[in-house]
Amino acid sequence: MNDTDKNGLQVILSGMQPTGRLHIGNLEGALRNWVELQQQYEMYCCIVDLHALTADYKDPSVLKDRIFQMTVDFLSAGLDPEKCAIFIQSEVPEHVELHWIFSTLISTPTLTRLPTFLEKKDTLDSYAFLGYPVLQAADICVYDADKVPVGKDQEKHIWLANDLAKRFNHYYGSTLKEPEGLFREIPLIPGSDNRKMSKSYNNHIPIDYTLEETQKRIRGFYTDEKKLRKGDPGRPEQCPVFLLHRIYTSNPEDELAVPCRTGELGCVDCKKRLADNLNSALAPIRDKRAELVKRPDYVWDVLREGRDKARARAGMVMEKVRSAMRMNYRG
Ligand code: TRP
Ligand code: SF4
(Lines give C-alpha, C1' and ligand atoms only; values in the text may rest on other atoms or scores of the structure.)
(Ligands and ions follow the chains in the order given, each with its own letter.)
Protein backbone atom coordinates (compact mmCIF):
# COMPACT_ATOMS: atom_id res chain seq x y z
CA MET A 1 0.00 0.00 0.00
CA ASN A 2 1.22 3.52 -0.69
CA ASP A 3 2.11 5.90 2.09
CA THR A 4 -0.85 8.03 1.27
CA ASP A 5 -4.32 7.31 0.08
CA LYS A 6 -5.52 8.00 -3.45
CA ASN A 7 -6.33 11.59 -2.63
CA GLY A 8 -2.91 12.09 -1.12
CA LEU A 9 -4.00 12.08 2.50
CA GLN A 10 -2.93 9.77 5.27
CA VAL A 11 -5.70 7.85 6.96
CA ILE A 12 -6.77 8.19 10.58
CA LEU A 13 -9.05 5.82 12.42
CA SER A 14 -10.49 6.92 15.71
CA GLY A 15 -12.90 5.05 17.91
CA MET A 16 -15.13 5.75 20.86
CA GLN A 17 -17.45 3.57 22.88
CA PRO A 18 -21.08 4.64 22.95
CA THR A 19 -21.30 4.93 26.71
CA GLY A 20 -23.78 7.81 26.79
CA ARG A 21 -23.78 11.58 26.57
CA LEU A 22 -20.34 13.02 26.08
CA HIS A 23 -18.89 15.38 28.66
CA ILE A 24 -16.35 18.18 28.49
CA GLY A 25 -13.56 15.70 29.25
CA ASN A 26 -14.37 13.86 26.01
CA LEU A 27 -14.73 17.17 24.22
CA GLU A 28 -11.41 18.71 25.28
CA GLY A 29 -9.55 15.40 25.49
CA ALA A 30 -10.55 13.89 22.15
CA LEU A 31 -13.20 15.54 20.04
CA ARG A 32 -11.58 18.94 19.54
CA ASN A 33 -8.47 17.16 18.39
CA TRP A 34 -10.43 15.04 15.89
CA VAL A 35 -12.05 18.17 14.51
CA GLU A 36 -8.56 19.56 13.86
CA LEU A 37 -7.30 16.31 12.36
CA GLN A 38 -10.10 16.01 9.82
CA GLN A 39 -8.58 19.00 8.02
CA GLN A 40 -5.34 17.18 7.24
CA TYR A 41 -6.26 13.51 7.10
CA GLU A 42 -8.81 11.22 5.61
CA MET A 43 -10.76 10.34 8.72
CA TYR A 44 -12.87 7.44 9.88
CA CYS A 45 -14.69 7.83 13.21
CA CYS A 46 -16.01 4.58 14.48
CA ILE A 47 -18.67 4.26 17.17
CA VAL A 48 -17.61 0.96 18.65
CA ASP A 49 -20.86 -0.68 19.71
CA LEU A 50 -19.36 -4.18 19.59
CA HIS A 51 -16.77 -3.13 22.12
CA ALA A 52 -19.53 -1.64 24.29
CA LEU A 53 -21.33 -4.97 24.08
CA THR A 54 -18.59 -6.58 26.18
CA ALA A 55 -20.05 -4.60 29.10
CA ASP A 56 -23.65 -4.03 27.95
CA TYR A 57 -24.49 -7.52 26.75
CA LYS A 58 -27.36 -7.82 29.19
CA ASP A 59 -29.23 -4.95 27.65
CA PRO A 60 -28.04 -3.95 24.18
CA SER A 61 -31.26 -1.99 23.66
CA VAL A 62 -29.53 0.99 25.30
CA LEU A 63 -27.08 1.21 22.42
CA LYS A 64 -29.34 2.76 19.81
CA ASP A 65 -30.00 5.94 21.72
CA ARG A 66 -26.39 6.22 22.83
CA ILE A 67 -25.19 5.89 19.26
CA PHE A 68 -27.64 8.57 18.20
CA GLN A 69 -26.59 10.92 21.00
CA MET A 70 -22.93 10.34 20.30
CA THR A 71 -23.36 11.13 16.64
CA VAL A 72 -25.17 14.33 17.59
CA ASP A 73 -22.29 15.23 19.90
CA PHE A 74 -19.74 14.53 17.15
CA LEU A 75 -21.56 16.69 14.64
CA SER A 76 -22.22 19.47 17.15
CA ALA A 77 -18.55 19.60 18.09
CA GLY A 78 -17.67 20.14 14.44
CA LEU A 79 -16.97 16.80 12.83
CA ASP A 80 -17.88 17.26 9.19
CA PRO A 81 -19.42 14.22 7.49
CA GLU A 82 -17.90 15.42 4.20
CA LYS A 83 -14.43 15.07 5.64
CA CYS A 84 -14.90 12.31 8.14
CA ALA A 85 -16.89 9.09 7.87
CA ILE A 86 -18.86 8.65 11.08
CA PHE A 87 -20.16 5.10 11.32
CA ILE A 88 -21.27 2.26 13.56
CA GLN A 89 -18.77 -0.57 13.98
CA SER A 90 -21.31 -3.41 13.79
CA GLU A 91 -22.52 -2.12 10.42
CA VAL A 92 -19.14 -2.91 8.90
CA PRO A 93 -18.75 -6.67 9.38
CA GLU A 94 -15.18 -6.60 8.03
CA HIS A 95 -14.01 -5.53 11.51
CA VAL A 96 -15.13 -8.84 12.94
CA GLU A 97 -13.68 -10.81 10.05
CA LEU A 98 -10.22 -9.35 10.43
CA HIS A 99 -10.52 -9.70 14.18
CA TRP A 100 -10.91 -13.44 13.76
CA ILE A 101 -7.87 -13.72 11.55
CA PHE A 102 -5.86 -11.60 13.98
CA SER A 103 -6.99 -13.78 16.87
CA THR A 104 -5.15 -16.71 15.30
CA LEU A 105 -1.91 -14.69 15.35
CA ILE A 106 -1.76 -13.81 19.02
CA SER A 107 -1.25 -15.90 22.14
CA THR A 108 -3.67 -15.92 25.04
CA PRO A 109 -1.01 -14.93 27.62
CA THR A 110 -0.19 -11.80 25.60
CA LEU A 111 -3.79 -10.73 26.13
CA THR A 112 -4.14 -11.78 29.76
CA ARG A 113 -1.07 -9.70 30.64
CA LEU A 114 -2.53 -6.43 29.37
CA PRO A 115 -3.33 -3.96 32.17
CA THR A 116 -6.73 -3.18 30.63
CA PHE A 117 -7.61 -6.86 30.96
CA LEU A 118 -6.22 -7.22 34.47
CA GLU A 119 -8.18 -4.21 35.68
CA LYS A 120 -11.59 -5.62 34.83
CA LYS A 121 -11.10 -9.35 34.64
CA ASP A 122 -13.05 -9.97 37.85
CA THR A 123 -16.18 -8.32 36.53
CA LEU A 124 -15.78 -9.07 32.81
CA ASP A 125 -14.59 -12.59 32.17
CA SER A 126 -16.01 -13.30 28.73
CA TYR A 127 -14.10 -14.58 25.75
CA ALA A 128 -15.07 -11.35 23.96
CA PHE A 129 -13.59 -9.18 26.70
CA LEU A 130 -10.29 -11.01 26.39
CA GLY A 131 -10.41 -10.31 22.66
CA TYR A 132 -11.30 -6.63 23.07
CA PRO A 133 -7.86 -5.36 21.99
CA VAL A 134 -7.79 -7.79 19.05
CA LEU A 135 -11.03 -6.31 17.75
CA GLN A 136 -9.56 -2.86 18.30
CA ALA A 137 -6.52 -3.82 16.24
CA ALA A 138 -8.86 -4.98 13.48
CA ASP A 139 -10.81 -1.68 13.68
CA ILE A 140 -7.60 0.09 12.84
CA CYS A 141 -5.95 -2.27 10.36
CA VAL A 142 -9.07 -2.92 8.30
CA TYR A 143 -8.73 0.68 7.04
CA ASP A 144 -4.98 0.52 6.52
CA ALA A 145 -4.93 3.44 8.92
CA ASP A 146 -1.66 5.31 9.33
CA LYS A 147 -2.46 6.98 12.62
CA VAL A 148 -4.72 6.51 15.62
CA PRO A 149 -5.37 9.48 17.92
CA VAL A 150 -5.73 8.13 21.45
CA GLY A 151 -4.80 8.85 25.03
CA LYS A 152 -1.78 7.29 26.72
CA ASP A 153 -4.03 4.70 28.38
CA GLN A 154 -4.46 3.11 24.95
CA GLU A 155 -0.74 2.87 24.19
CA LYS A 156 -0.51 -0.90 24.60
CA HIS A 157 -3.55 -1.46 22.39
CA ILE A 158 -1.99 0.54 19.58
CA TRP A 159 1.24 -1.33 20.04
CA LEU A 160 -0.73 -4.54 19.71
CA ALA A 161 -2.39 -3.35 16.49
CA ASN A 162 1.02 -2.52 15.09
CA ASP A 163 2.36 -5.89 16.21
CA LEU A 164 -0.55 -7.78 14.66
CA ALA A 165 -0.09 -5.99 11.33
CA LYS A 166 3.62 -6.89 11.47
CA ARG A 167 2.82 -10.52 12.23
CA PHE A 168 0.34 -10.65 9.40
CA ASN A 169 2.89 -9.17 7.01
CA HIS A 170 5.51 -11.61 8.25
CA TYR A 171 3.37 -14.69 7.59
CA TYR A 172 1.59 -13.67 4.42
CA GLY A 173 3.76 -11.02 2.80
CA SER A 174 3.67 -7.27 3.10
CA THR A 175 -0.02 -6.37 2.98
CA LEU A 176 -1.23 -4.28 5.90
CA LYS A 177 -0.20 -0.83 7.01
CA GLU A 178 1.54 -0.92 10.40
CA PRO A 179 -0.35 1.78 12.30
CA GLU A 180 0.96 4.17 14.91
CA GLY A 181 -0.55 6.11 17.78
CA LEU A 182 -0.92 9.86 17.63
CA PHE A 183 -0.35 10.52 21.28
CA ARG A 184 -0.49 14.10 22.37
CA GLU A 185 -0.48 15.85 25.66
CA ILE A 186 -4.12 15.70 26.57
CA PRO A 187 -5.12 18.42 28.99
CA LEU A 188 -6.13 16.84 32.25
CA ILE A 189 -9.82 17.51 32.75
CA PRO A 190 -10.67 17.11 36.42
CA GLY A 191 -14.19 16.34 37.59
CA SER A 192 -16.07 17.81 40.54
CA ASP A 193 -14.30 15.51 43.03
CA ASN A 194 -10.85 16.35 41.62
CA ARG A 195 -10.48 12.88 40.07
CA LYS A 196 -10.30 12.50 36.30
CA MET A 197 -13.63 13.51 34.77
CA SER A 198 -15.60 10.39 34.02
CA LYS A 199 -19.22 9.44 33.69
CA SER A 200 -18.62 6.43 35.91
CA TYR A 201 -17.56 8.70 38.82
CA ASN A 202 -20.56 10.97 38.23
CA ASN A 203 -18.23 13.97 38.50
CA HIS A 204 -18.72 15.10 34.94
CA ILE A 205 -20.24 18.01 33.04
CA PRO A 206 -22.17 16.63 30.06
CA ILE A 207 -22.00 18.76 26.94
CA ASP A 208 -25.78 18.94 26.84
CA TYR A 209 -26.27 20.16 30.42
CA THR A 210 -28.47 23.24 30.65
CA LEU A 211 -27.02 26.52 31.93
CA GLU A 212 -28.50 25.83 35.35
CA GLU A 213 -27.28 22.26 35.53
CA THR A 214 -23.81 23.48 34.62
CA GLN A 215 -23.89 26.17 37.32
CA LYS A 216 -25.08 23.68 39.89
CA ARG A 217 -22.42 21.12 39.02
CA ILE A 218 -19.71 23.74 39.22
CA ARG A 219 -21.00 25.05 42.55
CA GLY A 220 -20.44 21.53 43.88
CA PHE A 221 -16.84 21.34 42.68
CA TYR A 222 -14.04 20.54 45.06
CA THR A 223 -11.65 23.47 45.63
CA ASP A 224 -8.42 23.91 47.53
CA GLU A 225 -9.32 22.40 50.90
CA LYS A 226 -7.22 24.97 52.76
CA LYS A 227 -9.31 27.83 51.43
CA LEU A 228 -12.41 27.81 53.59
CA ARG A 229 -13.69 31.31 52.99
CA LYS A 230 -13.03 34.45 51.02
CA GLY A 231 -9.95 36.08 52.50
CA ASP A 232 -8.08 32.79 52.98
CA PRO A 233 -5.18 32.40 50.56
CA GLY A 234 -5.76 29.61 48.05
CA ARG A 235 -3.57 27.37 45.91
CA PRO A 236 -5.01 27.48 42.40
CA GLU A 237 -2.62 24.86 41.07
CA GLN A 238 -4.28 22.35 43.42
CA CYS A 239 -7.78 23.34 42.46
CA PRO A 240 -9.85 21.68 39.72
CA VAL A 241 -11.85 24.86 39.24
CA PHE A 242 -8.69 26.67 38.27
CA LEU A 243 -7.64 23.87 35.89
CA LEU A 244 -10.91 24.36 34.06
CA HIS A 245 -10.41 28.14 34.06
CA ARG A 246 -7.16 27.47 32.22
CA ILE A 247 -9.22 26.10 29.36
CA TYR A 248 -12.20 28.40 29.41
CA THR A 249 -10.93 31.75 30.70
CA SER A 250 -8.53 34.08 28.97
CA ASN A 251 -5.64 35.22 31.10
CA PRO A 252 -6.47 32.92 34.04
CA GLU A 253 -3.18 33.63 35.80
CA ASP A 254 -3.78 37.37 36.35
CA GLU A 255 -7.54 37.23 36.48
CA LEU A 256 -7.88 34.37 38.97
CA ALA A 257 -4.70 32.76 40.24
CA VAL A 258 -3.25 35.99 41.62
CA PRO A 259 -6.39 37.11 43.52
CA CYS A 260 -6.99 33.52 44.68
CA ARG A 261 -3.53 33.41 46.24
CA THR A 262 -3.96 36.75 47.98
CA GLY A 263 -7.38 35.76 49.25
CA GLU A 264 -9.07 38.61 47.42
CA LEU A 265 -11.08 36.20 45.29
CA GLY A 266 -13.59 33.86 46.91
CA CYS A 267 -14.46 30.43 45.58
CA VAL A 268 -18.12 31.26 45.09
CA ASP A 269 -17.25 34.11 42.78
CA CYS A 270 -14.53 32.14 41.04
CA LYS A 271 -16.94 29.29 40.31
CA LYS A 272 -19.59 31.65 39.05
CA ARG A 273 -17.14 33.04 36.54
CA LEU A 274 -16.18 29.57 35.42
CA ALA A 275 -19.81 28.59 34.91
CA ASP A 276 -20.37 31.74 32.82
CA ASN A 277 -17.31 31.16 30.66
CA LEU A 278 -17.97 27.47 30.22
CA ASN A 279 -21.57 28.14 29.30
CA SER A 280 -20.54 30.65 26.66
CA ALA A 281 -17.87 28.34 25.26
CA LEU A 282 -20.40 25.52 24.97
CA ALA A 283 -23.25 27.66 23.65
CA PRO A 284 -22.55 27.11 19.93
CA ILE A 285 -22.22 23.36 20.44
CA ARG A 286 -25.39 23.21 22.52
CA ASP A 287 -27.32 25.24 19.96
CA LYS A 288 -26.24 22.94 17.19
CA ARG A 289 -27.12 19.98 19.36
CA ALA A 290 -30.62 21.25 19.97
CA GLU A 291 -31.06 21.66 16.20
CA LEU A 292 -29.78 18.20 15.38
CA VAL A 293 -31.89 16.27 17.86
CA LYS A 294 -34.88 17.66 15.99
CA ARG A 295 -33.60 16.09 12.77
CA PRO A 296 -33.06 12.40 13.60
CA ASP A 297 -33.40 11.38 9.95
CA TYR A 298 -30.47 13.54 9.02
CA VAL A 299 -28.37 12.06 11.82
CA TRP A 300 -29.15 8.49 10.74
CA ASP A 301 -28.36 9.47 7.15
CA VAL A 302 -24.93 10.65 8.23
CA LEU A 303 -24.35 7.25 9.82
CA ARG A 304 -25.51 5.47 6.69
CA GLU A 305 -23.22 7.43 4.42
CA GLY A 306 -20.39 6.88 6.87
CA ARG A 307 -21.08 3.16 6.81
CA ASP A 308 -21.01 3.05 3.00
CA LYS A 309 -17.73 4.90 2.84
CA ALA A 310 -16.23 2.74 5.57
CA ARG A 311 -17.41 -0.50 3.94
CA ALA A 312 -15.91 0.48 0.63
CA ARG A 313 -12.48 0.84 2.17
CA ALA A 314 -12.70 -2.04 4.63
CA GLY A 315 -13.94 -4.33 1.85
CA MET A 316 -10.95 -3.44 -0.27
CA VAL A 317 -8.52 -4.16 2.55
CA MET A 318 -10.23 -7.49 3.31
CA GLU A 319 -9.82 -8.46 -0.35
CA LYS A 320 -6.10 -7.88 0.00
CA VAL A 321 -6.07 -9.87 3.22
CA ARG A 322 -7.83 -12.86 1.68
CA SER A 323 -5.65 -12.80 -1.35
CA ALA A 324 -2.43 -12.54 0.70
CA MET A 325 -3.59 -15.57 2.71
CA ARG A 326 -4.55 -17.48 -0.44
CA MET A 327 -8.07 -17.63 0.93
CA ASN A 328 -9.76 -15.97 -2.03
CA TYR A 329 -10.82 -19.44 -3.07
CA ARG A 330 -12.73 -18.45 -6.17
CA GLY A 331 -10.36 -15.71 -7.29
N1 TRP B 1 -10.53 1.08 23.40
C2 TRP B 1 -10.87 2.42 23.03
C3 TRP B 1 -11.21 3.21 24.28
O4 TRP B 1 -11.66 2.64 25.24
C5 TRP B 1 -12.02 2.48 22.07
C6 TRP B 1 -11.65 1.93 20.71
C7 TRP B 1 -12.13 0.80 20.14
C8 TRP B 1 -10.74 2.53 19.81
N9 TRP B 1 -11.59 0.65 18.91
C10 TRP B 1 -10.76 1.67 18.65
C11 TRP B 1 -9.96 3.67 19.84
C12 TRP B 1 -9.94 1.96 17.58
C13 TRP B 1 -9.15 3.93 18.75
C14 TRP B 1 -9.14 3.08 17.62
O15 TRP B 1 -11.08 4.41 24.27
FE1 SF4 C 1 -10.05 27.35 43.40
FE2 SF4 C 1 -10.97 29.67 42.56
FE3 SF4 C 1 -11.31 28.93 45.11
FE4 SF4 C 1 -8.93 29.60 44.21
S5 SF4 C 1 -10.69 30.94 44.36
S6 SF4 C 1 -9.38 27.82 45.47
S7 SF4 C 1 -8.97 28.83 42.12
S8 SF4 C 1 -12.18 27.96 43.32
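Higher on the page you've got the structure.
What counts, and where the lines are drawn
- Residues numbered from 1 in each chain as written.
- Chains lettered and ligands numbered in written order.
- Predicted model: local features only at pLDDT ≥ 70, side-chain atom pairs only at ≥ 80, totals over all residues.
- Heavy atoms only, no water.
- Helix = DSSP H or I, 4+ residues; strand = E, 2+ residues; numbered from the N terminus.
- Rg over C-alpha atoms; globule rule 2.2 N^0.38 Å.
- Buried < 20%, exposed > 50% of the residue type's maximum accessible area, 1.4 Å probe, protein only.
- Contact = heavy atoms within 4.5 Å.
- Areas by Shrake-Rupley, 256 points an atom, 1.4 Å probe, with all protein chains shown as cover.
- Lys, Arg positive; Asp, Glu negative; His and termini not counted.
- Charge placed at Lys NZ, Arg CZ, Asp CG, Glu CD.
- Near = heavy atom within 4 Å.
- Polar contact = N/O pair within 3.5 Å; in protein donor to acceptor, adjacent residues only side chain to side chain.
- Nonpolar A, V, L, I, M, F, W, Y, C, P; charged D, E, K, R; others polar.
- 1 Å grid on protein atoms, 1.4 Å probe; cavity = no way out; pocket = protein on both sides within 12 Å on 5 of 7 lines; lining within 4 Å.
- Sits in = over half its atoms within 2 Å of the grid points.
- Phe/Tyr/Trp six-rings, centres within 6.5 Å; stacked < 30°, edge-to-face > 60°.
- Lys NZ or Arg CZ within 6 Å of the ring centre and 35° of its normal.

1. Observations regarding the overall build of the chain
And then number 1: Counting secondary structure elements, the chain contains 14 helices and 5 strands.
And then number 2: Against the 2.2 N^0.38 benchmark of 20 Å for 331 residues, the chain shows a C-alpha radius of gyration of 22 Å, consistent with a compact globule.
And then number 3: Viewed in the frame of its principal axes, the chain has a C-alpha envelope of about 80 × 45 × 40 Å.
And then number 4: For the chain, the residues scored as buried account for 50% of the 331 residues in total.
And then number 5: In the chain, the share of contacts with a sequence separation of at least 24, taken over all contacts with a separation of at least 6, comes to 76%.
And then number 6: Carbon and sulfur atoms make up 51% of the accessible area of the chain, which amounts to about 16,600 Å² in all.
And then number 7: If the 47 positive side-chain charges of the chain are averaged to one point and the 48 negative ones to another, these points end up 2 Å apart.

2. Describing the site of ligand 1
And then number 1: Taken together, L13, G15, V48, H51, Y132, Q136, D139, I140, V148, V150 and Q154 form the complete shell of residues around ligand 1.
And then number 2: Taking D139, its side chain carries an N or O atom lying 2.7 Å from a nitrogen atom of ligand 1.
And then number 3: Q154 is positioned with one of its side-chain polar atoms (N or O) 3.1 Å from a nitrogen atom of ligand 1.
And then number 4: At the level of elements, β1 (11-16) and α8 (132-141) are the ones that each hand at least two residues to the shell around ligand 1.
And then number 5: The biggest single contributor to the shell around ligand 1 is α8, with 4 residues.
And then number 6: A breakdown of the residues in the shell around ligand 1 according to their chemical character gives 6 nonpolar, 4 polar and 1 charged.

3. Thoughts on the site of ligand 2
And then number 1: Around ligand 2, the surrounding shell consists of T223, D224, K227, C239, V241, F242, C260, C267 and C270.
And then number 2: Given that more than half its atoms are within 2 Å of the pocket grid, ligand 2 belongs to the largest cavity.
And then number 3: Of all the elements in the fold, those that place two or more residues in the shell around ligand 2 are α11 (240-248) and α13 (267-293).
And then number 4: Classifying every residue of the shell around ligand 2 gives 6 nonpolar, 1 polar and 2 charged.

4. Side note on the packing of aromatic side chains
And then number 1: Counting across every chain of the model gives 8 aromatic pairs.
And then number 2: Between W34 and F74 the ring centres are 5.6 Å apart and the planes differ by 70 degrees, which places this aromatic pair in the edge-to-face class. With W34 in helix α1 (residues 24-37) and F74 in helix α3 (residues 63-77), this residue pair connects regions lying 40 residues apart in the sequence. As far as burial versus exposure is concerned, W34 and F74 are alike and both buried.
And then number 3: Across the ring face of Y44, the terminal group of K309 is positioned such that the distance to the ring centre comes to 5.6 Å.

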